[in-house]
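Observations on the three-dimensional arrangement
Read off the chains here:
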Amino acid sequence: MKDIAAQVGVSVSSVSLVLNDRDAGRVNRETASRIRELASTFGYVPNQLARSLKSKQTQTIGLVSDRVATVPFSSAMLAGAQEAAWRHGYVLMLVDTGGNEDLQTPAVQSLLQRNVDGLIVAATFHRTVETPQVPVSTPVVLLDGRPDADEQSTDFVVPDEELGAFDAVTHLVQAGHRRIGFCTVSAYPIADALRTEGYLRAMAAAGIPADPDLLVTAADAATADGITPARALLDQPASSRPTAVFCFGDQIAMGFYQVARSLGLSIPDDLSIVGFDNQEFVAEALDPGLTTMQLPHRAMGEWAVERVLAQIDEPSRAQHEAVGFRMHCPIVIRGSVAPPRDPP
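Described in the following lines is the structure provided in the data block. Along each chain, residues carry numbers from 1 onward, in the same order as the chain's sequence is written. With the structure being a predicted model, the display of local features is reserved for residues of pLDDT at least 70 and the display and counting of side-chain atom pairs for 80 or more, all residues being used for whole-chain, interface and lining totals. In computing side-chain values, all of the structure's heavy atoms are included and hydrogens and water are not.

Helix numbers and strand numbers start at the N terminus; a helix is a DSSP run of H or I with at least 4 residues, a strand a run of E with at least 2. When you line up the elements, Met300 lands in helix H11 (residues 297-312). The sequence separation of Met300 and Val158 amounts to 142 residues, and the corresponding C-alpha distance is 7.3 Å. Setting aside anything within four residues of it in sequence, one finds Met300 in contact with Met77, Leu143, Asp144, Val157, Val158, Pro159 and Met327. Residue contacts follow a heavy-atom distance rule, with two residues in contact if any of their heavy atoms lie within 4.5 Å.

A separate point is the packing of aromatic side chains. Centres within 6.5 Å make a pair out of two Phe, Tyr or Trp rings, where for Trp the six-membered ring is used; the pair is then stacked when the planes are under 30 degrees apart, edge-to-face when over 60, and tilted otherwise. Within this structure, the stated rule accounts for six aromatic pairs. For the pair Phe182 and Phe246, a centre-to-centre distance of 5.1 Å together with 10 degrees between the ring planes defines the contact as stacked. Separated by 64 residues along the polypeptide, Phe182 in strand S6 (residues 180-185) and Phe246 in strand S8 (residues 244-247) bring together distant segments of the chain. With 6.1 Å between their ring centres and 20 degrees between their planes, Tyr188 and Phe248 make a pair best called stacked. You can see Tyr188 sitting in the loop between S6 and helix H8 (189-205) and its partner Phe248 sitting in the loop between S8 and helix H10 (250-262), a full 60 residues away along the chain. Above the ring of Phe125, the side-chain terminus of Arg127 is found at 5.7 Å from the ring centroid. Two conditions define a charge sitting above a ring: the NZ of Lys or the CZ of Arg must be within 6 Å of the ring centre, and it must be within 35 degrees of the ring normal.

We now examine the sheet that holds strand S7 (residues 215-218). Here a strand pair is declared whenever DSSP counts at least two bridges between the two strands. The mixed open sheet is built from six strands, whose spatial order is S7-S6-S8-S9-S10-S12. Of all the strands in the sheet, just S7 and strand S12 (331-332) have a single pairing partner and so form its edges. As paired strands, S8 and strand S9 (residues 272-277) are joined by three bridges and run parallel to one another. Bridge pairing in S9 links Val245 to Ile273. Lines fitted to C-alpha atoms define the axes, with helix axes restricted to the stretch in contact, and inter-axis angles between N-to-C directions lie between 0 and 180 degrees. Set on the sheet, helix H7 (residues 161-174) makes contact with S6, S8, S9, strand S10 (291-294) and S12; between it and S9 the angle comes to about 165 degrees.

Only buried residues count toward a nonpolar core, which is a set of Ala, Val, Leu, Ile, Met, Phe, Trp, Tyr and Cys residues joined through side-chain atoms within 4.5 Å. Only protein chains enter the accessibility calculation, which uses a 1.4 Å probe; a residue is then buried when its area is under 20% of its type maximum, exposed when over 50%, and partly exposed in between. In terms of nonpolar packing, the biggest core is built from 27 residues, with Leu233, Leu234, Cys247, Ile252, Phe256, Ile273 and Leu290 touching the most fellow members. Elements that contribute at least two residues to this core include exactly S6, S7, helix H9 (223-234), S8 and H10. A per-element tally of this core places H10 first, with six residues. Every residue in contact with Ile273, bar those within four places of it in the chain, is listed here: Val245, Cys247, Ala253, Phe256, Tyr257, Ile267, Leu290, Thr291, Ser336 and Val337. Listed in part, the 23 residues of the second largest apolar core include Leu92, Ile120, Val141 and Met327.

Here we come to a nonpolar patch on the surface. Note that patches include only residues with greater than 30% relative accessible area and no salt bridge, and the join distances are 9 Å for like charges and 5 Å for nonpolar side chains (Val, Leu, Ile, Met, Phe, Trp, Tyr). Using a 1.4 Å probe, the Shrake-Rupley method yields the accessible areas, and only the shown protein chains count as cover for residues. For this document, the term salt bridge refers to a Lys or Arg side-chain nitrogen within 4 Å of an Asp or Glu carboxyl oxygen. Together, Met1, Val12, Phe42 and Tyr44 give the surface a local cluster of nonpolar side chains, amounting to about 350 Å² of exposed area. Mapped onto the fold, Met1 is located in the segment before helix H1 (2-8).

Here we take up the pattern of salt bridges. In this structure the tally under the stated criterion is 14 salt bridges. For Arg36, the salt bridge is made with Asp21, and the minimal N-O distance between the two is 3.5 Å. Residue Arg36 is found in helix H3 (residues 29-42), and its partner Asp21 is found in the loop between helix H2 (12-19) and H3; the two are separated by 15 residues along the sequence. Owing to a relative accessible area of 60%, Asp21 belongs among the exposed residues under this scheme. Salt-bridge contacts for Arg195 lead to Glu161; the nearest nitrogen and oxygen are separated by 2.6 Å.

Residue placement: Thr223 occurs in helix H9. Residue classification places Thr223 among the buried positions, given a relative accessible area of 14%. Among all residues touching Thr223, those that are not within four sequence positions of it are Gln251, Met254, Gly255 and Gln258.

Following the sequence through the fold, Ser336 ends up in the segment after S12. Excluding its chain neighbours within four sequence positions, the residues that come into contact with Ser336 are Tyr257, Ile267, Pro268, Leu271, Ser272, Ile273, Pro288, Gly289, Leu290 and Thr291.

Where empty space is left becomes clear once a probe the size of a water molecule has been rolled over the atoms. Its boundaries defined by the atoms lining it, the largest pocket holds a volume of some 780 Å³. Lining of the largest pocket is provided by 34 residues; of these, Phe73, Ser74, Gln279, Leu295 and His297 occupy positions nearest its centre. When residues of the lining of the largest pocket are traced back to their parent elements, those giving at least two are helix H5 (75-87), strand S3 (118-128), H8, H10 and H11. Class assignment for the residues of the lining of the largest pocket results in 15 nonpolar, ten polar and nine charged. Detection works on a 1 Å grid of protein atoms alone, calling trapped sets that fit a 1.4 Å probe cavities and calling open sets with protein on both sides within 12 Å along at least five of seven lines pockets, with lining residues defined by an atom within 4 Å of a point. Considering the residues around the second largest pocket, the lining is formed by 20 residues, among which Glu101, Gln104, Thr105, Val129 and Glu130 are closest to the centre. Counting residues per element, the ones that place at least two in the lining of the second largest pocket are strand S1 (60-65), helix H6 (104-113) and S3. Looking at the lining of the second largest pocket residue by residue, the class counts come to seven nonpolar, nine polar and four charged. Grid points are joined across faces, edges and corners, and a volume is the space filled by probe spheres set on the points. Ten residues, namely Ala, Val, Leu, Ile, Met, Phe, Trp, Tyr, Cys and Pro, are considered nonpolar, four, namely Asp, Glu, Lys and Arg, are considered charged, and the remaining ones, Gly among them, are considered polar.

For the rest of this paragraph, the subject is the pairing of strand S2 (residues 91-96). Bridge count for S1 against S2 is six bridges, and the pairing is parallel. In the strand pairing of S2, Ser65 is matched with Asp96. For the handedness criterion, the β-α-β arrangement of S1, H5 and S2 is classed as right-handed. Crossover handedness is defined here as right-handed if the route from the first strand over the helix to the second strand goes clockwise, with the strands pointing away from the viewer.

The disulfide definition used here is simple: a pair of cysteine sulfur atoms within 2.5 Å. Tallying each qualifying case throughout the model produces zero disulfides. Note on Cys247: no disulfide assigned, nearest cysteine sulfur contributed by Cys183 at a separation of 5.9 Å. In this structure Cys329 is not part of a disulfide, and its nearest cysteine sulfur, from Cys247, lies 16 Å away.

Rendered as structure tokens:
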């Protein structure tokens, strides 16, 4: 500022007013323009650390992620969070633990030592997340995770798994299907329970009795894990096999595509399929493209940041009422669903 003041011929305080955008009516417009031009030439940026000492805010939100940064499937959450933070003049500071639970506490402490204004804890899938121990004044939001039953003071956002499954099965019902199978995954118990409930509720709403023989379970969500349950459902006479299947995830759906093709079944003429997740490089790459439910990762990331900022603006943390939000999973229509070849 001394260099700029000397070149322009004004006081350091005048330069300070301009660089802090408080020059209106106090510094001549031409002079202010010259100061900003020189500041740009010198590569000047405000010292945020110095500003934070006065404002008590660093304009930084810390985010501790469990593999979210390294798994492309979940990376949209970070993109949404970063975009929302940037829109409000904040910076997102990320630490990814790589799935190592022992690193979460040091990661949180490291961010707190840098005086972040709020904290987001992000998970790679819908599960119970331990709320970190932080000062009462530090807002915390859980992203794609929920606190345990005893913790009622933490905001969280998760996908609406149950409604998403309901909509997926309803889409198949509206296409004319009544023998609708469901392949769930046991490795993700919360999503398993909620998506199963959505399937059963949609069947009941349509007046279709749920047939236990049409429900199968995969051990995990990879394509290879879907092969055995797919074969169990599809390798049987036409009168017994389902005309449509709702799959827990897109990779499971890919396994059903493979088994259907090996059995000479055409998708969607012989078998309609709906997935869940809308995974990049999976749903669109299948032939025909997979109709699936969109996990709202980007919108969830944005919501988490907005909730942190809302808490920062609260007059007192003692007045905070926790919000748990289940975000809608919209359907993405592609070519894997058609009316059954022989309507019942």
